[in-house]
Amino acid sequence: MPVVRELSGQVALYESMGAPRAPVVVALGGISADRHICAHASNASPGWWEPVAGAGRPLDTSRFRLIGCDWLDGGAGPDGRPLRVVTTGDQAEALAEALDELEVDRVHAVVGASYGGMVALAFAAAYPHRLDRLVVIGAAHETHPMITGIRVIQRRIVELGLDTNRVRDAIVLARALGMTTYRSAGEFATRFDVGPLELHDTHATFDVERYLLHFGERFADRFTPARFLALSLSADLHRVDPSAIRAATTLVAIEHDAVAPRWQIEQLADAIGSRARVADLHSEIGHDAFLTETDTLSPILSAALS
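Residues numbered from 1 in each chain as written. Predicted model: local features only at pLDDT ≥ 70, side-chain atom pairs only at ≥ 80, totals over all residues. Heavy atoms only, no water.

Tracing the backbone shows S234 in helix α7 (residues 225-236). Excluding residues within four positions of it along the chain, S234 makes contact with V86, T87, T88 and Y115. (Helix = DSSP H or I, 4+ residues; strand = E, 2+ residues; numbered from the N terminus. Contact = heavy atoms within 4.5 Å.)

Here the focus is unusual backbone geometry. Unusually for a residue other than glycine, N165 sits at a positive phi of about 60 degrees. Here the phi dihedral of H256 falls at roughly 65 degrees; this positive angle occurs in a residue that is not glycine. Counting through the fold element by element, H256 comes out in the loop between β9 (248-254) and α8 (262-272).

This part covers the pattern of salt bridges. Side-chain pairs of opposite charge can arise whenever the charged atoms involved come near each other. The full count for this structure, using the stated rule, is 19 salt bridges. The residue D169 makes a salt bridge to R166 at a minimum N-O spacing of 2.9 Å. Classification of R166 by relative accessible area gives exposed; the value is 52%. Residues R183 and D288 are paired through a salt bridge, measuring 3.4 Å at the closest nitrogen-oxygen approach. One end of the pair, R183, is in the loop between α4 (167-182) and α5 (185-191); the other, D288, is in the loop between β10 (276-281) and α9 (289-292), with 105 residues separating them in the sequence. (Salt bridge = Lys/Arg side-chain N within 4 Å of Asp/Glu carboxyl O. Buried < 20%, exposed > 50% of the residue type's maximum accessible area, 1.4 Å probe, protein only.)

Let us look at the state of the cysteines. Counted under the stated rule, the structure contains 0 disulfides. Left unpaired, C38 is separated from the closest cysteine sulfur, that of C69, by 14 Å. A relative accessible area of 0% places C38 in the buried class. (Disulfide = S-S within 2.5 Å.)

Turning our eyes to something else, we now look at the confidence of the model for the protein chain. The share of residues in the protein chain with pLDDT of 70 or more is 96%, and the mean pLDDT across the chain is 93. pLDDT under 50 marks residues 1-11. Its contacts with residues more than four places away, or in other chains, come to 36 contacts. (pLDDT = per-residue confidence, 0-100.)

Summarising burial for strand β6 (residues 131-137): 5 of the 7 residues are buried, a large majority. The pairing of strand β5 (residues 107-113) with β6 spans 6 bridges and is classified as parallel. Within β6, the position partnered with G112 by the bridge is V136. Bridge count between β6 and β9: 5 bridges; the pairing is parallel. Counted as the bridge partner of L134 is T249 from β9. (Pairing = 2+ DSSP bridges.)

Right, let's get into α4. For α4, with 16 residues, the first-to-last C-alpha span of 22 Å sits near the 22 Å given by 1.5 Å per residue. Considered for burial, the residues of α4 that qualify are A170, I171, V172, A174, R175, A176, G178, M179, T181 and Y182. Close packing links the buried residues of α4 with α3 (145-164), α5, α6 (207-220) and α7. (Expected span 1.5 Å × (residues − 1).)

Moving on, we come to the environment of S302. Position of S302 relative to the elements: it lies in helix α10 (residues 294-305). Since its relative accessible area comes to 37%, S302 is described here as partly exposed. As a C-alpha pair, S302 and G149 span 153 residues in sequence and 35 Å in three-dimensional space.

Turning our eyes to something else, we now look at α10. Each turn of an α-helix holds 3.6 residues, which means side chains three or four residues apart point in the same direction. Along its 12 residues, α10 runs 16 Å from first to last C-alpha, staying within 8% of the 16 Å computed at 1.5 Å per residue. Residues of α10 that are buried: T294, L297, S298, I300, L301, A304 and L305. Of the surrounding secondary structure, the elements contacted by the buried residues of α10 are β5, β6, β9, β10 and α9.

The biggest cluster of nonpolar side chains holds 57 residues, and the ones touching the most others in it are V26, L28, V110 and L134. At 9 residues, helix α2 (residues 115-126) tops the list of elements feeding residues into this core. Look past the residues within four positions of V110 in its chain and what remains in contact with it is V26, L28, A120, F123, L131, R133, L134 and V135. Membership of the second largest hydrophobic core comes to 30 residues, among which are A27, W48, A109 and V252. (Core = buried A, V, L, I, M, F, W, Y, C linked by side-chain atoms within 4.5 Å.)

Below you can see the structure in the form of structure tokens.
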């Protein structure tokens, strides 16, 4: 059942599922993920990580008690912008408070991917006594400057949309731009034709353009500008001291990942020391492989949690 916890005037929701007295595994996803990890008795709808979570899967609800969370986002002011900055440390604190509410002193593992991987690292550094294992997929201890540059442009697009009363169009474009970092150039080269689908006197429409805008539209249906701005900035403010991490750590480096390239994952592993190992997730997809390449990811997760 969902657990409600308030932090700094905001309400955060957490959902617990699986074997109630089993070892606890916390699962955290990207900025568009939520507390509903997988289908369970109280909510039969598919969760955001359904292919790897559930009975008989790596995040096995017959062996583990899974806990998922919604992200804090700083609230929204009358101008559509966030009321406050929210850091990955704030998200980690909210998770700790939720575990207190659930009377969970220590968890078997925290598994985080993308933004959730950043929060998992922040939690492991701030609360080293509260977890045995840490699994981080496609995230590092700090944000790559190139990705920060792209996110800055995304936020400027959304702010321009707020200023011009075209905020939905702006969110669509911002997310479309972000999708170019979540997928690899190799995948795009094999997936889309080079030439235009339609050519007119003054403009053209491309296959890749339709793909990017489709995902932008889907995202705009669910995200407010304030939430997007807050979580985007949160990712860019992310900094963790790897030396503070004490848990046995598996760092999953995704092939062709532009958001968290392998060299940065290796840098993090070196800073954590002998407690960390790097596992490679081979895929042409890039960063989003944690969502699309679940058959390849599953044995990595199973090994990390065993």
